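# Observations on chain architecture
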Amino acid sequence: MLCSLSFLRQYFGQICIASVHTMPSATRDDIIPPLGMDRNADGDQRGSSFPEKQMTVCAVMLALLEKGTSMLGTLNFIWATAVLLGGFVSSLDISDFFFVSILLVAEGLRIFGRRGELEVRTFTIVKIYSFFIQDFSASICIYFSTSRLKGKGAYGRSGHVQGLALSIFYWVSLVESSLIAFGLSLRTFVAISPLSLHLVENYPLIFVSRIYQGRFFREVREKYGLCDSHFRTVHRFFYDSYSRCVSGSIFDGLKMEFVSYSVELLHSSDGDEQLMGVRLLSALVKRNEFALERLRSIGAIRGVVEMLIDMLNLGKFKFQREAAQIISNLVNIHRYRILMMSTPHSMESIASLLYKNQDSEESHYSDLSLLGLGILKSLANDHGNHAKIGSSKRLLVKIIRFTELDGKGAPECQLKILAIETLTGIARDEKVRESIGGIDGVLYNFFSLFFMNINEELVSKAGEALSFLSLDNNQNCEIMMTIKLRHDFPNLIQRLISVLNEPVRGTSAARILRNLYAYAEANCVEVKEITAASAQVVGPVMEGDDINQEAAIGLAAQIFKCMTKSDFDRVFNEQGAGAAIRRSLISKVVEVLRRHPSPSKEVPNIRRFSIQLLIALMVMDRSSIEMRSDLEAALEEVMKSTSVLESYSAFSGTVGLRSHRMAIPVLVQSAIELLPN
């Protein structure tokens with residue numbers, strides 16, 4: 001029987017899985033098929049290989065066993081009432097009448113116990129009682145049927161027809177009760193979930209464990225990364241699948257899967273069931289081979305995202321954490337970011353996750369803050385979201401407060417980094433940039449992090465934020481020009497100049513200085529330190545890598561165009577040093593242009609800045625140009641390979657934010673005209 005059941009399970013499982021995909025779309029409720037679902041080499045959807053599918057197939061097999069025994073029980077009941085108690089009631093021996101009556105009562109008890117088992121979803125005393133009733137009735141049937149079949153007289157005491165009718169009744173009752181006991185043992189093994197988990201992991205040779213260890217618990221736990229806290233939900237999922245197969249069509253349970261089942265739990269009015277549902281969803285979207293497909297399924301079910309957003313406002317830590325983990329994974333997909341931003345009150349719900357207090361009573365809320373900032377950071381990846389996020393003054397202030405956290409531990413640094421990355425993302429919008437800079441103390445705090453922190457990642461993120469905040473913003477640049485951080489530096493510009501050659505701070509310092517010099521030039525603000533910076537910037541121009549070199553060349557072009565030849569020679573006052581440095585810079589420009597025959601995504605402005613530096617040097621002194629043919633050839637190559645990528649000074653993803661005033665072809669033409677004959 002065991003071999004036959006194993007064979008039927010494998011064979012029927014393949015048929016059942018295939019039949020789920022051929023069901024009419026009307027049976028799939030309101031679930032929209034996920035877009036882009038992966039398919040395997042045979043063209044089947046990956047959904048058929050989900051670990052829980054094996055659970056539903058086993059539930060179907062148990063349900064078929066139950067349905068088969070119920071049919072035998074019905075047949076036996078009809079046989080007893082119509083044939084034995086109807087046709088032979090007057091000639092039945094009193095003992096046979098007694099045994100037939102007991103077996104019919106036992107069958108009724110079994111049906112009563114099965115109904116209680118199906119109605120109770122969790123493992124409680126009621127389910128134990130239901131199992132006991134069914135087991136007791138099956139034992140009675142086996143005992144009395146066996147005892148009567150062993151006795152002599154079924155054919156002898158009565159006529160041949162009556163004896164045959166009694167034998168058929170007892171044999172059917174014995175087969176039915178044996179199948180009931182077998183199926184009940186399997187279901188009981190699954191019902192006692194903590195004990196069954198221990199048994200299947202320690203006694204793998206048991207046949208039952210071969211079913212449940214290989215197909216249920218271990219595969220589900222390993223592939224989804226589930227912990228013991230999810231065991232109750234998995235157990236309930238199996239029993240609900242079995243219950244639906246028994247109560248209705250076998251396909252009602254077969255088409256169940258974890259995502260739709262979790263959503264059903266979310267719609268429950270019971271708080272424990274809602275928590276079970278959101279915990280299971282959170283586990284499904286964590287890093288495993290099915291996470292992307294599960295995310296698509298969750299986002300495609302109507303109303304789920306809105307429900308998860310509402311959970312962020314519940315004020316219950318467990319609900320908020322699980323819902324936030326799901327949303328933080330969903331917002332990595334572009335279309336779900338759009339859905340999030342189109343949901344009313346989504347920003348207010350995300351803001352409810354941000355807790356700055358880090359005392360002992362609320363230390364666990366730092367997890368919520370990390371999740372909330374991570375969600376905002378992902379939303380800030382889309383250019384269209386910047387204004388909506390930045391329009392909430394309350395949300396902006398909450399984010400900025402995280403950059404002011406005390407302490408230098410890993411959690412505090414991580415919160416600061418996420419807050420700065422979020423602000424950097426939304427600062428790509430001009431109005432938001434001004435709103436952030438207008439909040440008291442923000443720029444001062446960012447520069448404090450930039451200059452005085454030892455965490456390199458935090459320093460780098462603070463510098464990137466300051467680069468965007470100073471980009472084409474007169475208000476922020478004006479505030480920056482008045483900041484004084486240390487007594488040994490009279491102003492911020494000299495402090496920035498002092499770190500130009502540092503590997504971590506140098507790139508951001510060059511970008512900030514370029515923006516400040518551009519502001520000073522446009523607004524006729526005198527910057528006395530401009531010539532002092534020229535000596536510091538030559539080193540990164542000559543020796544830096546592409547990213548550092550791009551920033552340094554851009555700063556050098558901005559500085560040198562404001563200098564005369566005498567100013568340049570005075571800075572580099574060694575004998576012949578001025579002309580030699582100009583020649584070296586021009587050679588470096590040629591090298592950079594040759595190294596980048598086409599626009600680069602990593603350094604989109606390096607060719608533009610190089611041409612601007614070349615123009616500044618030639619305007620300063622055309623007599624130092626000794627590489628006319630090389631320069632002309634390099635400039636002509638640039639003219640042939642211009643791209644829209646070089647037309648913008650900053651980007652938000654693939655969207656250009658600020659276009660340069662002068663196109664590349666115009667710059668190239670200006671440089672060619674300045675070349676000496």
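Relevant structure appears above.
Treat the numbers as computed from the prediction; the structure is a model and nothing was measured.

### Digging into the overall build of the protein
Looking only at helices and strands, the protein has 33 helices and two strands in total. Taking all 677 residues of the protein together, the buried fraction comes to 53%. Nonlocal contacts in the protein, meaning residues at least 24 apart in sequence, comprise 72% of its contacts between residues at least 6 apart. Roughly 30,900 Å² of accessible area belongs to the protein as shown, and the carbon and sulfur atoms make up 55% of that amount.

### A look at the packing of aromatic side chains
For the structure shown, the criterion picks out twelve aromatic pairs. Residues Phe450 and Phe451 carry aromatic rings whose centres are separated by 5.0 Å and whose planes lie at 70° to one another, so their mutual orientation is edge-to-face. Considered together, Phe450 and Phe451 belong to a single accessibility category, that of buried residues. Following the ring pairs from residue to residue traces out a cluster consisting of Tyr224, Phe237, Phe258, Tyr261 and Phe290.

### Considering empty space enclosed by the protein
Over the atoms rolls a probe the size of a water molecule, and in doing so it shows where empty space is left. Within this structure, the stated rule accounts for five cavities of 30 Å³ or more. Of the pockets and cavities examined, the second largest cavity occupies roughly 50 Å³. Taken together, Asn76, Phe77, Leu103, Leu104, Glu107, Cys141, Phe169, Ser173 and Glu176 form the lining of the second largest cavity. Secondary structure elements with two or more residues in the lining of the second largest cavity: α2 (51-87), α3 (94-119) and α5 (160-191).

### Description of the side chain of Asp429
Relative to the helices and strands, Asp429 resides in the loop between α20 (410-426) and α21 (430-438). As a buried residue without a salt bridge, Asp429 has its nearest oppositely charged side chain in Lys431, at a separation of 7.0 Å. Here the side chain of Asp429 touches Val432 through a polar contact of 3.1 Å, landing on its backbone nitrogen. The contacts of Asp429, once residues within four sequence positions are left out, are His386 and Ala387.

### Brief notes about the nonpolar core
One finds Ile436, Phe447, Leu496 and Phe560 to be the most contacted residues of the largest nonpolar core, which totals 166 residues. No other element matches helix α31 (residues 606-620), which puts ten residues into this core. Setting aside residues up to four positions removed in sequence, Phe560 forms contacts with Ser534, Val537, Val538, Phe568, Leu585, Leu613, Ala616, Leu617 and Met620. Leu104, Cys141, Phe144 and Phe169 belong to the second largest nonpolar core, which has 16 residues in total.

### Regarding the environment of Ser641
As for its position among the elements, Ser641 is in the loop between α32 (628-640) and β1 (648-652). The spatial distance from the C-alpha of Ser641 to the C-alpha of Pro597 is 7.3 Å, given a sequence separation of 44 residues. Not counting residues within four places of it along the chain, the set of residues in contact with Ser641 comprises Pro597, Ser598, Pro599, Arg607 and Glu646. Polar contacts involving the side chain of Ser641 include one to the main-chain carbonyl oxygen of Pro597, which spans 2.8 Å. For Ser641, the side chain forms a polar contact with the main-chain oxygen of Glu637, separated by 3.0 Å.

### Here we look at the packing of helix α11 (residues 271-284) against helix α14 (residues 317-330)
Where α11 contacts α14, the axes come no closer than 9 Å and their chain directions differ by 30°. Our classification of the angle between α11 and α14 gives roughly parallel. The handedness of the crossing between α11 and α14 comes out as left-handed. Touching Gly271, Gln274, Leu275, Val278, Arg279, Leu281 and Ser282 of α11 are Lys318, Phe319, Glu322, Ala323, Gln325 and Ile326, all from α14.

### Section: the side chain of Thr56
Tracing the backbone through its elements, the reader meets Thr56 in helix α2. In terms of polar contacts, Thr56 uses its side chain to reach the backbone carbonyl oxygen of Lys53, at 2.8 Å. When residues no more than four places from it in sequence are discounted, the contact partners of Thr56 are Phe237, Ser241, Gly253, Leu254 and Met256.

Procedures and definitions
Residues numbered from 1 in each chain as written. Predicted model: local features only at pLDDT ≥ 70, side-chain atom pairs only at ≥ 80, totals over all residues. Heavy atoms only, no water. Helix = DSSP H or I, 4+ residues; strand = E, 2+ residues; numbered from the N terminus. Buried < 20%, exposed > 50% of the residue type's maximum accessible area, 1.4 Å probe, protein only. Contact = heavy atoms within 4.5 Å. Areas by Shrake-Rupley, 256 points an atom, 1.4 Å probe, with all protein chains shown as cover. Phe/Tyr/Trp six-rings, centres within 6.5 Å; stacked < 30°, edge-to-face > 60°. 1 Å grid on protein atoms, 1.4 Å probe; cavity = no way out; pocket = protein on both sides within 12 Å on 5 of 7 lines; lining within 4 Å. Points joined across faces, edges and corners; volume = space filled by probe spheres on them. Lys, Arg positive; Asp, Glu negative; His and termini not counted. Salt bridge = Lys/Arg side-chain N within 4 Å of Asp/Glu carboxyl O. Polar contact = N/O pair within 3.5 Å; in protein donor to acceptor, adjacent residues only side chain to side chain. Core = buried A, V, L, I, M, F, W, Y, C linked by side-chain atoms within 4.5 Å. Axes fitted to C-alpha atoms, helices over the stretch in contact; angles between N-to-C directions. Parallel < 35°, antiparallel > 145°, perpendicular 65-115°, else oblique. Left-handed = near helix turned anticlockwise from the far one by under 90°.

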